[in-house]
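Letter by letter, the chains look like this.
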Amino acid sequence: LFAKPTAGRKRVLILGAGVSGIEAARIASARGHHVEVWEKRAEVGGQIHLAVAAPDKGEVQPVWDYRWSVLSTLQVPIRVNMTVDESSLKKFSPDFIIVATGAAPSSPPLDMGRLDPSIAVHHAWDLFRTPEKISPGATVTIIGGGMVGIELADLLRLKECRIQVLEMQQNAASGMARNNRFELLERLAAAGVAVITQCRIDGIVGKYVKVKVANAEPTELALGEAVIFATGPRPNLEVMTAVEASGIAHARVGDCNVPGDFMSCLRDASMVALSIEGPPQRAITQSPQADGVASPLTGAHS
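About the thresholds
Residues numbered from 1 in each chain as written. Predicted model: local features only at pLDDT ≥ 70, side-chain atom pairs only at ≥ 80, totals over all residues. Heavy atoms only, no water. Salt bridge = Lys/Arg side-chain N within 4 Å of Asp/Glu carboxyl O. Helix = DSSP H or I, 4+ residues; strand = E, 2+ residues; numbered from the N terminus. Buried < 20%, exposed > 50% of the residue type's maximum accessible area, 1.4 Å probe, protein only. Pairing = 2+ DSSP bridges. Phe/Tyr/Trp six-rings, centres within 6.5 Å; stacked < 30°, edge-to-face > 60°.

Visitor: Describe the pattern of salt bridges, listing the residues and the values that go with them.
Guide: Scanning the entire structure with this criterion turns up 11 salt bridges. Notably, a salt bridge pairs Glu 238 with Lys 40, separated by 2.8 Å at the nearest N-O pair. Linking Glu 238 in the loop between β14 (234–235) and α8 (240–246) with Lys 40 in the loop between β2 (34–38) and α2 (48–51), this pair joins segments that are 198 residues apart in sequence. Take Glu 238 and Lys 40: they sit in the same class, and that class is exposed. Taking the shortest distance from any N to any O, the salt bridge between Asp 202 and Arg 200 comes out at 3.1 Å. Residue Asp 202 is classed as partly exposed on the basis of its relative accessible area of 43%. Among the charged side chains, a network of salt bridges with common partners joins Asp 154, Arg 157, Glu 183 and Arg 187.

Given below as structure tokens:
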């Protein structure tokens, strides 16, 4: 049970039907607010479909299933294929908007103009959705050995691909829980996956990537049949121009605030949903470590 609003029920519009948006809707509706969710795509779920695609990730599905079942019980309207603009927002006339539009893949952080045209280029997210784009037994290079890149390597391992993962940091999958990380890296090593850390990439030319690994001399590595980028995502802020122009108080939650994991998304969503009836708040200046991402909490646009 949640405490009822202290300043009356609000009309709340949530943009995005991923985990963050659904969590915000669950709590706001349970508190008694009038809630509606708009989703740009034809399907709901956001990145949950990517999260459960990797091997041994089935335990993540209940994160979504529980919240979706509660939202169904609460009979919160979920509208898909929705276009958001200033006019539609003003017509709906919410008291508060929660922006939960998630993240989008970053552009390749390298100049790809000299890549041999026979080599396919993919982003990891696309391959979680459609792994059939990589043929069984293919030789591939994954650029980015964080949790996404390592889990993609685990997925492609099942297709008996020959894989090398290039990671700039000292450790691969550093954001993963320790036990899971060790188990996964051991599984990849047993399958012959080369995970190369402390690997600085100096460019891609033809069928090769120029690298410098730790203190070794620069060298070139063959890319194989495909190069896959698993570099960090960026907040999806496509709707923010319309939201800010509407003048309606709003907050950003989850990956469209700062890309993170499911725990950070749920935390953001719950904190905002629990404080909807509070006074509008101005943006908070972030520290330099915030990579220039604005505060999720903003007041009515002036």
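Visitor: Describe unusual backbone geometry, and please don't skip the residues or the numbers.
Guide: Despite not being glycine, Asn 81 has its phi angle at roughly 55 degrees, a positive value. The residue Asn 81 is located in the loop between β3 (78–79) and α4 (86–92) in this model. Residue class for Asn 81 comes out exposed when judged on its relative accessible area of 52%. One non-glycine residue, Ala 173, lies in positive phi territory at about 50 degrees. Tracing the chain through its elements places Ala 173 in the loop between β8 (162–166) and α7 (178–190). Assessed through its relative accessible area of 1%, Ala 173 is described here as buried.

Visitor: How would you explain the environment of Ile 248 if you had to name every residue and give the values?
Guide: If you trace the backbone, Ile 248 turns up in the loop between α8 and β15 (250–252). A sequence separation of 158 residues divides Ile 248 from Lys 90, and the C-alpha atoms of the two residues are 8.4 Å apart.

Visitor: Before we move on, can you summarise the pairing of strand β12 (residues 219–222) with the specific residues and values?
Guide: Sheet topology places strand β11 (residues 208–213) next to β12; four bridges connect them, and they run antiparallel. Bridging from a neighbouring strand, Lys 210 pairs with Glu 220 of β12. Hairpin connection of β11 to β12: five residues between the antiparallel strands, including Ala 214 at a positive phi of 50 degrees.

Visitor: Now, about the packing of aromatic side chains: what can you tell me, with residues and values included?
Guide: For the structure shown, the criterion picks out two aromatic pairs. Seen in terms of ring centroids, Trp 38 and Phe 92 are 5.5 Å apart; in terms of plane orientation they differ by 70 degrees. Their pairing is edge-to-face. With Trp 38 in strand β2 and Phe 92 in helix α4, the pair connects residues that are 54 residues apart, well separated along the chain. Between Trp 64 and Trp 68, the ring centres sit 5.4 Å apart and the planes meet at 15 degrees, which makes this aromatic pair stacked.

Interpretation in functional terms is not warranted from these geometric data alone.
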